[in-house]
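# Notes for the structure review
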Amino acid sequence: MTAPAQPLRLLLLGATGAVGREVLAQALADPRVAQVIAPTRRPLAAHDKLLNPVIDFARLDAAAPWWQADAVVCALGTTLKVAGSQSAFAAVDRDLVIDTARLARQAGATRMALNSSLGASAQGNFYLRTKAQAEQGVRALGYPSLAIVRPSLIAAERDTVRPGEAAGLWVSRILGPLIPRRYRPVGAARIARALLEAVLQGAPGERIFESEHL
């Protein structure tokens, strides 16, 4: 499937995160995107192409008209420290991901790109199992075009410090080329480009983009 003849209406979930901010900037600047719908908890800067419903993600309105989009990019995510517990973490990184993807699919979206994690697996640790469960939940929704992006550590400026991520980035800077490409940090802009291009191209079926190919 080639790029759409008409610009897409894009639903962006997680627009205030490190990757989501990059997707937003790239999508707003891309003529292949007619409108970006970015529901958030706090208002974003206004833009002619941006529809920004301010919502409570704990109380999703299934009847809201802004679920109607051609494509979805999901960059939702938190950390165990911020969430406070494993159940609260899973509520965002698994349940909210699946719930929002389901509502968009029911409203007519046919393309989706999900930002997941390197090593996502049912046999992994809690974090990786949760990411794998989110992937499987989205997969079950039947999007005709589905892309799953699995980056390693994300190299980006964040609003809050993530100690584990910061330590990993420090080690990577010290060791540099000694680290296999698969495990090297990936810039948020590169991840965003992979997500956005995946839905713009809309290739049929499922594609998985591993970290070393970003």
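Residues numbered from 1 in each chain as written. Predicted model: local features only at pLDDT ≥ 70, side-chain atom pairs only at ≥ 80, totals over all residues. Heavy atoms only, no water.

Okay, the overall build of the protein chain next. When helices and strands are tallied, the protein chain shows six helices and nine strands. When the 214 residues of the protein chain are sorted by exposure, 48% land in the buried category. Accessible surface for the protein chain amounts to roughly 10,300 Å². Of this, 56% is attributable to carbon and sulfur atoms. (Helix = DSSP H or I, 4+ residues; strand = E, 2+ residues; numbered from the N terminus. Buried < 20%, exposed > 50% of the residue type's maximum accessible area, 1.4 Å probe, protein only. Areas by Shrake-Rupley, 256 points an atom, 1.4 Å probe, with all protein chains shown as cover.)

So, on to the pattern of salt bridges. One pass over the structure, following the stated rule, counts 12 salt bridges. As a salt-bridge pair, Asp30 and Arg32 come within 2.8 Å of each other at their nearest N and O atoms. For Asp30, a relative accessible area of 7% translates into the label buried. Arg193 is the partner of Asp30 in a salt bridge, and the nearest nitrogen-oxygen pair spans 4.0 Å. With Asp30 in the loop between helix H1 (18-29) and strand E2 (33-37) and Arg193 in helix H6 (residues 188-201), this residue pair connects regions lying 163 residues apart in the sequence. Residue Arg193 is classed as partly exposed on the basis of its relative accessible area, which comes to 32%. (Salt bridge = Lys/Arg side-chain N within 4 Å of Asp/Glu carboxyl O.)

Here the focus is H1. Compared with the 16 Å implied by 1.5 Å per residue over 12 residues, the 17 Å span of H1 between its first and last C-alpha is a close match. Inspection of H1 places Ala18, Val19, Gly20, Val23, Leu24, Gln26, Ala27 and Leu28 among the buried residues, and these make up the whole buried set. (Expected span 1.5 Å × (residues − 1).)

Mapping Arg207 onto the fold places it in strand E9 (residues 205-210). Buried within the structure, Arg207 lacks any salt-bridge partner; Glu197 is the closest side chain of opposite charge, at an N-O distance of 8.6 Å. A distance of 3.2 Å separates a polar side-chain atom of Arg207 from the backbone oxygen of Ala198. Among residues more than four places away in sequence, those in contact with Arg207 are Ser145, Leu146, Ala147, Ile148, Ala198, Gln201 and Gly202. (Lys, Arg positive; Asp, Glu negative; His and termini not counted. Polar contact = N/O pair within 3.5 Å; in protein donor to acceptor, adjacent residues only side chain to side chain. Contact = heavy atoms within 4.5 Å.)

Strand order in the open sheet made by the seven strands is E3-E2-E1-E4-E5-E6-E9, with parallel pairing throughout. Because the sheet does not close on itself, it has two edges, and the strands there are strand E3 (50-51) and E9. Both strand E1 (residues 8-13) and E2 contribute to a ladder of four bridges, which runs parallel. Within the sheet, the bridge partner assigned to Leu8 lies in E2 and is Val33. Across the sheet, helix H4 (residues 126-139) is in contact with strand E5 (111-115), strand E6 (145-150) and E9; its angle to E6 comes to roughly 170 degrees. (Pairing = 2+ DSSP bridges. Axes fitted to C-alpha atoms, helices over the stretch in contact; angles between N-to-C directions.)

Turning our attention to the packing of helix H3 (residues 86-106) against H4. Two measures define how a pair of helices packs: the angle their axes make with one another and the distance between the axes. The N-to-C vectors of H3 and H4 enclose an angle of 15 degrees; their axes lie 9 Å apart at closest approach. By the angle class used here, H3 and H4 are roughly parallel. Seen along the crossing, H3 lies across H4 with a hand that is right-handed. From H3, Gln86, Phe89, Ala90, Asp93, Arg94, Val97, Ile98 and Ala101 reach across to H4, where they touch Phe126, Tyr127, Thr130, Lys131, Gln133, Ala134, Gly137 and Val138. Classifying every residue of the contact of H3 with H4 by side-chain character gives nine nonpolar, four polar and three charged. (Parallel < 35°, antiparallel > 145°, perpendicular 65-115°, else oblique. Left-handed = near helix turned anticlockwise from the far one by under 90°. Nonpolar A, V, L, I, M, F, W, Y, C, P; charged D, E, K, R; others polar.)

Attention now moves to the packing of aromatic side chains. According to the stated counting rule, one finds three aromatic pairs in the structure shown. Judged by centre distance (4.5 Å) and plane angle (35 degrees), the rings of Trp66 and Trp67 are tilted. The burial state of Trp66 is the same as that of Trp67; both residues are buried. Both rings, one in Phe89 and one in Tyr127, keep their centres 5.7 Å apart while their planes meet at 40 degrees; by these two values the pair is tilted. A residue pair is termed long-range when its members are at least 10 positions apart, and Phe89 in helix H3 and Tyr127 in helix H4 qualify at 38 residues. Tyr127 sits in the partly exposed class, given a relative accessible area of 33%. Taking NZ or CZ as reference, Arg105 lies 5.6 Å from the ring centre of Tyr143, over its face. (Phe/Tyr/Trp six-rings, centres within 6.5 Å; stacked < 30°, edge-to-face > 60°. Lys NZ or Arg CZ within 6 Å of the ring centre and 35° of its normal.)

The analysis is restricted to geometry; functional conclusions fall outside its scope.
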